[in-house]
Amino acid sequence: RNSRSAVDNADLGNLAFLTNPKVRAKLKQTELDSGSGLFVWPQKGNEILGYNAGVSTQVPSNLTKGTGTSLSAIVFGNWNDLIIGQWGGLDVVVDPYTLATTNMLRVVVNSWWDVALRHPQSFAAMVDAITA
């Protein structure tokens, strides 16, 4: 979080980090300062620098930049400005034929979703975090 986010009216709301398990593991081993015994990601809890932090394998850990490979992303933002929309409801297909010889029923459910940012300035991403 910096002064630029305040200028862009993005320094408010549900501020939190999102990253992947590799970054969490690395930050749990990274001291805030030498000898303090405090880590960037505390051993208990899910926060970074006082902000909530979430972990998902959907956040990439296979990025490249320059000669760097296997780099990870860390996203910080106001998650109130993330819009998730569902289109068309649920499509449910009951198939009694495909697995009929095993005396089972196959059910296929499809749904359609999209994601958009209401205020893109509310988010910042680091895409070259080294976790090795």
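Let us look at the structure shown here. Since the structure is predicted, the reported quantities are computational estimates derived from the model, not experimental observations.

Calculation rules
- Residues numbered from 1 in each chain as written.
- Predicted model: local features only at pLDDT ≥ 70, side-chain atom pairs only at ≥ 80, totals over all residues.
- Heavy atoms only, no water.
- Buried < 20%, exposed > 50% of the residue type's maximum accessible area, 1.4 Å probe, protein only.
- Helix = DSSP H or I, 4+ residues; strand = E, 2+ residues; numbered from the N terminus.
- Pairing = 2+ DSSP bridges.
- Contact = heavy atoms within 4.5 Å.
- Phe/Tyr/Trp six-rings, centres within 6.5 Å; stacked < 30°, edge-to-face > 60°.
- Core = buried A, V, L, I, M, F, W, Y, C linked by side-chain atoms within 4.5 Å.

A closer look at the pairing of strand β5 (residues 68-78)
- Most of β5 sits out of view: 8 of its 11 residues are buried.
- Here 4 bridges tie strand β1 (residues 15-19) to β5, and the two strands are oriented antiparallel to one another. Residue Ala16 lies in a different strand from β5, and its bridge partner there is Gly77.
- Joining the antiparallel neighbours strand β4 (residues 63-65) and β5 is a turn of 2 residues, in which Gly66 adopts a positive phi near 60°.
- Relative to strand β8 (residues 123-129), β5 runs antiparallel, the two being bridged by 5 bridges.

Comments concerning the environment of Ile130
- For Ile130, the position within the fold is in the segment after β8.
- Of the residues examined, Ile130 reaches a relative accessible area of 61% and is grouped as exposed.
- Spatially, the C-alpha atoms of Ile130 and Ser56 are 17 Å apart, while their sequence positions differ by 74 residues.
- Filtering out sequence-adjacent residues up to four positions away, Ile130 remains in contact with Lys26 and Leu71.

With respect to the packing of aromatic side chains
- Under the criterion given, the structure shown has 4 aromatic pairs.
- Considering the side-chain rings of Phe17 and Tyr51, the 6.3 Å spacing of their centres and the 70° angle between planes classify their relative orientation as edge-to-face. Taken together, the positions of Phe17 in strand β1 and Tyr51 in strand β3 (residues 51-55) put the pair 34 residues apart, joining distant regions of the chain.
- Relative accessible area serves as the criterion here: at 14%, Phe17 is assigned to the buried category.
- Ring centres of Trp79 and Phe123 lie 5.0 Å apart, and the angle between their planes is 75°; on these two criteria the pair is classed as edge-to-face. Residue Trp79 is found in the loop between β5 and β6 (82-95), and its partner Phe123 is found in strand β8; the two are separated by 44 residues along the sequence.
- With relative accessibility at 21%, the residue Trp79 sits in the partly exposed group.

Brief notes about the nonpolar core
- With 11 residues, the main nonpolar core is built from Leu15, Phe17, Val23, Leu27, Val40, Trp41, Ile48, Ala53, Ile74, Phe76 and Ala129.
- When contributions to this core are tallied by element, the ones reaching two or more residues are β1, α2 (21-27) and β5.
- Ignoring any residue separated from it by four or fewer positions in sequence, one finds Val40 in contact with Leu27, Thr30, Glu31, Leu32, Glu47, Ile48 and Leu49.

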